[in-house]
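# What the coordinates show
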Amino acid sequence: MTELASTMTPPELASQAAHAIRVLNELTHGGGELTSSDDVRDIVTSLELVGQGLPQLCEQLARFLVIQHEDGQLANGSGLDPDGLVTEVIEALAAAGQAADMMTAALTEARAASMILKPTR
């Protein structure tokens, strides 16, 4: 277990990841804090790694909901049977995992193409 995993909950870690993306957007707006094509490649490489982990995370979240539902630990806030809602969430998580795979493939292409870009200095 990593140090972060021992000190933060999964929702806290997810919040930190979302915050990091917001800060990256702020810092790179209009070129902002970027200094070279190497910065772009490094960021793309890190985003590629994030994307590689997202399908597994989506699957694990869906699996957790299935178990919770099967154990009768989930209810529909409107009092109706939660079957349809659980199915909807699981299908959406599966779609998100597939989209993450596609995003990762595009980032892999971007990283590979950026490998030959060098600053002219």
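Residues numbered from 1 in each chain as written. Predicted model: local features only at pLDDT ≥ 70, side-chain atom pairs only at ≥ 80, totals over all residues. Heavy atoms only, no water.

With that settled, consider the side chain of Q68. Tracing the backbone shows Q68 in helix α3 (residues 37-70). Taking the relative accessible area as the measure of exposure, Q68 reaches 16% and is therefore buried. Excluding residues that lie within four positions of it along the chain, Q68 makes contacts with Q73 and L74. (Helix = DSSP H or I, 4+ residues; strand = E, 2+ residues; numbered from the N terminus. Buried < 20%, exposed > 50% of the residue type's maximum accessible area, 1.4 Å probe, protein only. Contact = heavy atoms within 4.5 Å.)

Let us now look at the packing of α3 against helix α4 (residues 83-114). Contact pair α3 / α4: the axes reach a minimum separation of 8 Å and the direction vectors enclose 165 degrees. The angle between the axes of α3 and α4 places the two elements in the roughly antiparallel class. The element α3 and its partner α4 pack so that their crossing is left-handed. Here the residues of the contact of α3 with α4 sort into 18 nonpolar, eight polar and five charged. (Axes fitted to C-alpha atoms, helices over the stretch in contact; angles between N-to-C directions. Parallel < 35°, antiparallel > 145°, perpendicular 65-115°, else oblique. Left-handed = near helix turned anticlockwise from the far one by under 90°. Nonpolar A, V, L, I, M, F, W, Y, C, P; charged D, E, K, R; others polar.)

Going through the model one piece at a time under the given rule, you end up with three salt bridges. In this structure, the salt-bridge partner of E59 is R63, at a minimum N-O distance of 2.6 Å. Note that E59 and R63 are positioned in helix α3 at a spacing of four residues, about one turn of the helix. (Salt bridge = Lys/Arg side-chain N within 4 Å of Asp/Glu carboxyl O.)

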